[in-house]
Amino acid sequence: MNLTKRLEGKVALITGAASGLGAASARRLHREGAFVVVTDRDVEKGAAVAASLGEGAVFHKLDVVNEAEWIAVIDAVVAAQGGLDILVNNAGVGVLASVEDTTIEAFRFVHAVNTEGVFLGCKHGVRVMKARSGGSIINMSSVAGIAGAPDMAAYCSSKGAVRTLTKSVAMHCARKGYGIRCNSLHPAFIDTPMVDAVVNAHRDADRARAGLVKSIPLGRLGEADDVAAAVAYLASDDAKFITGVELPIDGGLLAQ
Ligand SMILES: NC(=O)c1ccc[n+]([C@@H]2O[C@H](COP(=O)([O-])OP(=O)(O)OC[C@H]3O[C@@H](n4cnc5c(N)ncnc54)[C@H](O)[C@@H]3O)[C@@H](O)[C@H]2O)c1
């Protein structure tokens, strides 16, 4: 596909970019011309993604639950690149358990990564983006942040919080006139290691995968690039009048 360089001159930081949707988003933003800061808690895989992009990409180790690491990485990016324009809060974890089976430790772990990690990203992202008079923050929620799934109590809760945190950040930045937009994405089942883990948790993984496919009106699992394309759109000036939006990328799942 021929892509325009609509992100030329922009600096983007993506969390959880060693795998799945984060890695696909890193590749897409890079192809559209952005300087890409690949971050992840997994140093080996994250560095490999940045190396595969070549010029115009670097890797920084960033565990999103660690506020000191957020400050150090964002400040290093601003010092080296002059600012930050795009922040994709993508890192996330899942625990498969109903409300009855979820331990408080598991609940807190999922919220620490999925919700507190996004909060820290927004807090420190806004701090530096406002100095640049603008930017785009994209928070990775899920269809599970809008609708309930019985075996994902902590995950649904953590992703629902991301949905309304996003709107609060969007309204704050609008009121302050910072020029920073903040939106959330809500993918359904996208073919990544995270969905592999979900289907492999079933006794019959093939049947579980077929069940997921059947639930999607468009009749297939999503591809990581389906999400990366939406990330690039929201990151770009094409979306300059869009803030506080929740965008499902779900093959029609939530429209039923
Ligand atoms: N795959 C799907 O179907 C799907 C659907 C809806 C939402 N999502 C969301 O999309 C995001 C990416 O999911 P994916 O499918 O690509 O998952 P993945 O497991 O392939 O990748 C997640 C990445 O996040 C990193 N990570 C985990 N905890 C971290 C932490 N504390 N700090 C930094 N990095 C950390 C992992 O090392 C990994 O590289 C997640 O937020 C997930 O909840 C995925």
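The preceding data block contains the structure.
Procedures and definitions
Residues numbered from 1 in each chain as written. Predicted model: local features only at pLDDT ≥ 70, side-chain atom pairs only at ≥ 80, totals over all residues. Heavy atoms only, no water. Buried < 20%, exposed > 50% of the residue type's maximum accessible area, 1.4 Å probe, protein only. Helix = DSSP H or I, 4+ residues; strand = E, 2+ residues; numbered from the N terminus. Pairing = 2+ DSSP bridges. Right-handed = clockwise from strand over helix to strand, strands pointing away. Near = heavy atom within 4 Å. Polar contact = N/O pair within 3.5 Å; in protein donor to acceptor, adjacent residues only side chain to side chain. Areas by Shrake-Rupley, 256 points an atom, 1.4 Å probe, with all protein chains shown as cover. Domains from an automatic or database assignment. Axes fitted to C-alpha atoms, helices over the stretch in contact; angles between N-to-C directions. Parallel < 35°, antiparallel > 145°, perpendicular 65-115°, else oblique. Contact = heavy atoms within 4.5 Å. Core = buried A, V, L, I, M, F, W, Y, C linked by side-chain atoms within 4.5 Å. Disulfide = S-S within 2.5 Å.

Draft legend 1. Main features of the pairing of strand 1 (residues 11–14). Taking every second residue as pointing to the same face, both faces of strand 1 are buried, with V11 and L13 on one and A12 and I14 on the other. Here 4 bridges tie strand 1 to strand 2 (residues 35–40), and the two strands are oriented parallel to one another. Pairing of L13 across the sheet is with V37, part of strand 2. You can see the chain leave strand 1, run along helix 1 (residues 20–31) and come back into strand 2, and the turn it takes is right-handed. Of the pairings in the sheet, the one linking strand 1 to strand 4 (residues 86–89) comprises 3 bridges and is parallel in character. Bridge pairing in strand 4 places L13 opposite L87.

Draft legend 2. Expanded view of unusual backbone geometry. Backbone geometry at S133 places phi at a positive 60 degrees, although glycine is not the residue there. Relative to the elements of secondary structure, S133 occurs in the loop between helix 4 (104–129) and strand 5 (135–140).

Draft legend 3. The site of the ligand, seen in detail. Close to the ligand lie 28 residues, the nearest being S19, D40, Y155, I190 and T192. At a separation of 3.1 Å, an oxygen atom of the ligand approaches a polar backbone atom of A188. Contact between the ligand and T192: an oxygen atom at 2.6 Å from a side-chain N or O atom of the residue. Expressed as a share of its isolated accessible area of 830 Å², the protein-covered part of the ligand is 93%. Looking at the shell around the ligand, the elements that each hand over two or more residues are helix 1, helix 5 (153–176) and helix 6 (193–200). Among the elements that take part in the shell around the ligand, helix 6 stands out by supplying 3 residues, more than any other. Counting only domains with at least three residues in the shell around the ligand, you end up with domain 1 (11–187 + 223–248) and domain 2 (191–221).

Draft legend 4. Geometry of the packing of helix 6 against helix 7 (residues 205–214). Direction vectors running N to C along helix 6 and helix 7 enclose 120 degrees, while the axes themselves pass 8 Å from each other. The pairing of helix 6 with helix 7 is recorded here as oblique in orientation. For the pair helix 6 and helix 7, contact is made by V195, D196, V199 and N200 and by A205, A208, R209 and L212, respectively.

Draft legend 5. The arrangement of the nonpolar core in detail. In this structure, L29, V36, V38, L185, V227 and V231 are the most contacted members of the largest nonpolar core, which totals 33 residues. Secondary structure elements with two or more residues in this core: strand 1, helix 1, strand 2, helix 2 (43–53), strand 3 (57–61), strand 4, strand 5 and helix 8 (224–235). At 8 residues, helix 8 tops the list of elements feeding residues into this core. Residue contacts for L29: discarding those within four places in its chain leaves L7, A12, I14, A34, V36, I86, V88, V231, A232 and A235. Ranked by size, the runner-up nonpolar core spans 31 residues in total, among them V11, M129, V169 and C182.

Draft legend 6. Region of interest: the state of the cysteines. Counting across every chain of the model gives 0 disulfides. You can see C182 has no disulfide; the closest cysteine sulfur is in C122, sitting 4.6 Å from it. The class of C182 is buried, set by a relative accessible area of 0%.

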